[in-house]
Structure formats: structure tokens, C-alpha cells
Amino acid sequence: MAKYCEICKKGMMSGNAVSHSHRASRRIWAPNIQKVRVMVDGTTKKMHVCTRCLRSGKVQRAI
């Protein structure tokens, strides 16, 4: 599955997972990406969209 939103271009971020003893190991944070059918220029198209774009109404879902 795609790891970025095709609408807002939100993608994965990386950083350190820090334990209680402050030992750091690398990790990633991935956005919640869903593959949905959306309306684009009057036609339906499957896109990878983050749930923030779905919730805010940046895309119109196809029925």
C-alpha cells in the first residue's frame, strides 16, 4: 500500500523511539492511508488518501 496521501502529499516521518533508559532506536511514523474511490473531474478513480483529507472534505467519495 502507498505510504503517502495523493491529495496533501503527507508521507512517512522518521525519528527515534526513546526507551525509559533513553536508549534510542530508529522508527517510522506512517499516516493512516486508505484506498478509496473518489470523484475526479466527473469520473471515479481509486486513490490513496489520508483519513484527515477524507474527514475534512478535501475529496468527494464516489458511490
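Preceding block: the structure.
This one's a predicted model, so the numbers in the text were calculated from it and none came from an experiment.

Caption draft 1: Local environment of the overall build of the protein chain. Helix and strand content of the protein chain: 1 helix and 4 strands. Listing each helix as α and each strand as β along the protein chain from the N terminus yields β-β-β-β-α. Over its C-alpha atoms the protein chain spans a radius of gyration of 16 Å, topping by over 25% the 11 Å that the globule rule assigns to 63 residues. Projected onto the principal axes, the alpha-carbon positions of the protein chain cover approximately 55 × 20 × 15 Å. Burial statistics for the protein chain: of 63 residues in total, 21% are counted as buried. Counting only contacts in the protein chain whose residues sit at least 6 apart along the sequence, the fraction spanning at least 24 positions is 31%. With an accessible surface of roughly 5,000 Å², the protein chain has 50% of that area assigned to carbon and sulfur atoms.

Caption draft 2: Representation of a positive patch on the surface. Judged by side-chain charge, Lys 10, Arg 52, Arg 55 and Lys 58 come together as a positively charged surface patch. Position of Arg 52 relative to the elements: it lies in helix α1 (residues 51-56).

Cut-offs used in this document
- Residues numbered from 1 in each chain as written.
- Predicted model: local features only at pLDDT ≥ 70, side-chain atom pairs only at ≥ 80, totals over all residues.
- Heavy atoms only, no water.
- Helix = DSSP H or I, 4+ residues; strand = E, 2+ residues; numbered from the N terminus.
- Rg over C-alpha atoms; globule rule 2.2 N^0.38 Å.
- Buried < 20%, exposed > 50% of the residue type's maximum accessible area, 1.4 Å probe, protein only.
- Contact = heavy atoms within 4.5 Å.
- Areas by Shrake-Rupley, 256 points an atom, 1.4 Å probe, with all protein chains shown as cover.
- Patch = residues over 30% accessible without salt bridge, like charges linked within 9 Å, V, L, I, M, F, W, Y side chains within 5 Å.
- Salt bridge = Lys/Arg side-chain N within 4 Å of Asp/Glu carboxyl O.
- Lys, Arg positive; Asp, Glu negative; His and termini not counted.
- Charge placed at Lys NZ, Arg CZ, Asp CG, Glu CD.

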